[in-house]
Amino acid sequence: MSAHSATGMFTEAPPEAVAAEMERRVRRFLAELTEEALASILEEAHYLERKRVELHPEPEVEPLLDALAEALLKRDREAREAAALALTRRWAEEIHGAFSTSVYRFATRVLPTGVAGLIVPSPRRLRDWRPPSLEGALQVDGDFPFLQELAREATLILAPTHVSNMDSPLIGLALYQAGLPPFRYGAGLNLFSNPVMSFFMSRLGAYTVDRTKSSRLYKQVLKEYSVRLLTTRQHSLFFPGGTRSRSGGLERDVKKGLLGTGLTAWQENLEANRPQGEIYVVPMTLTYTLVLEAETLIRDHLAEAGKQRFIISDDEFARPSKVFSFARRLLELDGGVVARLGEPLDLFGNKVARSRHERGEQASHRMGFVTDRGGKVVRDPQRDRVYTERLSRALTAAYPGLTTVTSNHLVARVAWRALEEREGTTDPFRLVRTPAWRRVVSREELITRLRAAMGVAEEGAAAHRWHTRLPSTAEEALSEALTAFRRFHHSRALADKGNVLRIDNPNLCYYYQNRLQHLGV
C-alpha cells in the first residue's frame, strides 16, 4: 500500500508486490468471463499480438504466444487462464513505472533552473549570473490552496487537454509550481527508447503505454493498473482525448476507458471502507504560443490517412536537436505556455464543495448512486458507463472556460476568417489549396478585424467564458503574433509583407486558429 505524506506525495510499493497485485486483478477479471467471452478475448489477443510482433519483433513474446495458442486448442479453461496470465504478467512488468521520491525531489529542485538556464544567453561574467526562473515562460493559474487541500484528503485525477508531447514534463513543472504532489501518468513506450529519458520519466511518475498493442486484454491490463494506482492513493493524470489534438482545437469528445477507472477505484474504496477514499477529477488546459509538432499534426488531420493513423512516431519530437531548439524559442517567450487548473469535479461531473462539511454531505449522497439500501456496493457496468459519460461531458464543457486567448491564435483566427469570406467557403480542404497570391489581406483590414475580435474576446473573458492574454492594442497583438510565428516554423502561418499580410503556410494558420474555432470568438 502506498503511503502519503502531508503533501499528498506517495511512496510506491516494491515491484514484486505490484506484480502480485496485478496478477490477482487480472485473474479475477478472467474468472468472471464466460467460456465464450474468455475464448473471444484470448483469440483476439493472440491474433493481434501475432500481427504486431511480425512488424515489431519480440523474441521473448513468441513462446508466450505459442503457449496461448496451444491452450486455446486444448479448450482447457485452467490452461487458457494460465497462458493469459503469463502474457499479461509480461505486460504488467512493462507498464509498471519505478517512481522515486528522491529523484522527484532532485528533478523539481534542479530542472526548473536547468531548463531556464538553457534559454538564457550565457552571462559575460560569472558574477552576473543569477538562477533563472521559468515563471515567466510557464504561467500556471488555478485555486492552488483548494487543490492542495484536496490532494491531502483524497486522490486526484488530472484531466488535461493534449496538445504536444511536451505536455507531460510541462504539466509536471506546472504541478510543482502549484505546490501539488507528483501525478502518475501513461507515456508512449517509444518515449522510453532513450535510456536517460527512460530513467527519469519512470522515476518521475510515468508508466508505459504501448499504443501498438490494441487487444482488449492489453487495454484491460492498463485499466487494472490504473485502478491499482487510484486505490493506493496515487494521483493520476489521464489525457481524456487519448492522443494529441491533430487539429489544434479543444477536445470535444473524450475516450472513456481510463477515465472510467476512477469510478471503479472509488467503488473498490467504498467496499474496503478505505479512509480518504474519495476521488476527484481536475480539468486542465494547456495553451501554447507555438507547438513543436504543429505541421505534422495538422497535416495528419487533413490527410485522408489521418482518420486511421493513431500513432505518429516520426514527427518533430523524434529529433532531439529540434526539440531542444524549439524549447529554447518557446520558453524565451513571455507566457509561452499557459496552464490552467479548473474547478474539481466528482466522478459524476458535479463540482466539489469547498467546505469540508459540505464535501462530507456530498460523499454520503454519492454513495447512494452505487449502493443498495443496505449500503452494499452494487456492480453495474452499464450504469457506470452512463456516469462516466456524464463526467466526460462535464470535462468538455469545462475546457473552453479554461482556454486562454492569445495573440497568435486570435491573429490566425482573424486572418483565416478573412480568407474564408474572400473565398466564399469554410471548407478547409479547399482553403489550404488556395493559391498564395489569393491568401493575402491588407494590414489595414486585418488590424480593423483584429480590433473587433479583441473586443469580443475581452467581453467573453469578462463574462468568464474564457481567459485572455492580449496586449492593449491590435497593432501590438499583430506584432506579438508575427514574432511568434517566425520564431520556429520555417514557413509561417502569417508573414509580414509590408502593406499586406500573407498566409504563407495555410496548414499552420488553420492549426493555430482552430484553438478558438468553437469558442465563438
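This structure is a prediction, so every number in the text was calculated from the model and none was measured.

**Focus on the sheet that holds strand E9 (residues 337–341)**
Now for step 1: Pairing in this open sheet of seven strands is mixed, and the strands run E3-E9-E8-E4-E7-E5-E6 from one edge to the other. Both edges of this open sheet fall to strand E3 (138–141) and strand E6 (206–209), since each of them pairs with a single strand only.

**Structural notes on the packing of helix H2 (residues 35–55) against helix H4 (residues 77–95)**
Now for step 1: Across the interface, H2 lies against H4 with an axial gap of 11 Å and an inter-helix angle of 45°. Between H2 and H4, the interaxial angle falls into the category oblique. The element H2 and its partner H4 pack so that their crossing is left-handed. Residues Glu35, Leu38, Ala39, Leu42 and Glu49 of H2 form the contact with H4, whose participating residues are Arg77, Arg80, Glu81, Ala84 and Trp91.

**A few points about the side chain of arginine 233**
Now for step 1: Relative to the helices and strands, arginine 233 resides in the loop between helix H9 (216–231) and strand E7 (236–237).
Now for step 2: Although buried, arginine 233 forms no salt bridge, and the nearest oppositely charged side chain, glutamate 153, lies 8.7 Å from it.
Now for step 3: Engagement of the side chain of arginine 233 in a polar contact is seen with the side chain of glutamine 276, the distance being 3.3 Å.

**Concerning helix H1 (residues 15–31)**
Now for step 1: With 17 residues, H1 extends 24 Å from end C-alpha to end C-alpha; this agrees with the ideal 24 Å at 1.5 Å per step.
Now for step 2: Here H1 has its buried residues at Val18, Glu21, Met22, Arg25, Val26, Phe29 and Leu30.

**Looking at the nonpolar core**
Now for step 1: Within the largest apolar cluster, 80 residues are counted, with the highest numbers of intra-cluster contacts made by Leu158, Leu341, Leu450, Leu478, Leu494 and Tyr512.
Now for step 2: If you tally residues by element for this core, the top one is helix H15 (residues 407–423), at eight residues.
Now for step 3: Split by domain, the residues of this core number at least three in each of domain 2 (98–115 + 134–402) and domain 3 (404–519).
Now for step 4: Tyrosine 512 has contacts with Thr289, Leu290, Val291, Ala294, Asn408, His409, Ala412, Phe485, His489 and Ala493, leaving out every residue within four places of it along the chain.
Now for step 5: In terms of nonpolar packing, the next biggest core, distinct from the first, is built from 55 residues, Leu68, Ile95, Leu250 and Ile279 among them.

**Brief notes about the confidence of the model for the protein chain**
Now for step 1: In this model, the protein chain carries a mean pLDDT of 85, and residues with pLDDT of at least 70 account for 80%.
Now for step 2: A low-confidence stretch, residues 1–7 stays under pLDDT 50, and its non-local contacts, those more than four residues away or across chains, total 21 contacts.
Now for step 3: Counted against residues more than four places away or in other chains, residues 114–132, with its pLDDT under 50, gives 18 contacts.

**Focus on the sheet that holds strand E13 (residues 495–497)**
Now for step 1: Here we have three strands laid out as an open sheet, ordered E11-E14-E13, and antiparallel in their pairing. On the outer flanks of this sheet lie strand E11 (440–442) and E13, each paired with one strand and no other. Along the sheet, successive strands turn relative to each other by an average axial angle of 30°, direction set aside.
Now for step 2: Note that E13 and strand E14 (residues 500–502) share three bridges and pair antiparallel. Bridging across to E14, aspartate 496 finds its partner in leucine 501.

**Quick word on unusual backbone geometry**
Now for step 1: At arginine 75, a position not held by glycine, the phi torsion is positive, near 60°.
Now for step 2: With respect to the helices, strands and loops of the structure, arginine 75 is situated in the loop between helix H3 (62–74) and H4.
Now for step 3: For arginine 75, a relative accessible area of 72% puts it in the exposed group.

**Section: the pattern of salt bridges**
Now for step 1: For the coordinates displayed, the defined rule picks out 45 salt bridges.
Now for step 2: Residue glutamate 278 pairs with arginine 366 through a salt bridge whose shortest N-O separation is 2.7 Å. In this pair, glutamate 278 is assigned in the loop between helix H10 (261–272) and strand E8 (279–288) and arginine 366 in helix H13 (residues 356–367), connecting sequence segments 88 residues apart. Take glutamate 278 and arginine 366: they sit in the same class, and that class is buried.

What counts, and at which threshold
Residues numbered from 1 in each chain as written. Predicted model: local features only at pLDDT ≥ 70, side-chain atom pairs only at ≥ 80, totals over all residues. Heavy atoms only, no water. Pairing = 2+ DSSP bridges. Helix = DSSP H or I, 4+ residues; strand = E, 2+ residues; numbered from the N terminus. Axes fitted to C-alpha atoms, helices over the stretch in contact; angles between N-to-C directions. Parallel < 35°, antiparallel > 145°, perpendicular 65-115°, else oblique. Left-handed = near helix turned anticlockwise from the far one by under 90°. Contact = heavy atoms within 4.5 Å. Buried < 20%, exposed > 50% of the residue type's maximum accessible area, 1.4 Å probe, protein only. Lys, Arg positive; Asp, Glu negative; His and termini not counted. Salt bridge = Lys/Arg side-chain N within 4 Å of Asp/Glu carboxyl O. Polar contact = N/O pair within 3.5 Å; in protein donor to acceptor, adjacent residues only side chain to side chain. Expected span 1.5 Å × (residues − 1). Core = buried A, V, L, I, M, F, W, Y, C linked by side-chain atoms within 4.5 Å. Domains from an automatic or database assignment. pLDDT = per-residue confidence, 0-100.

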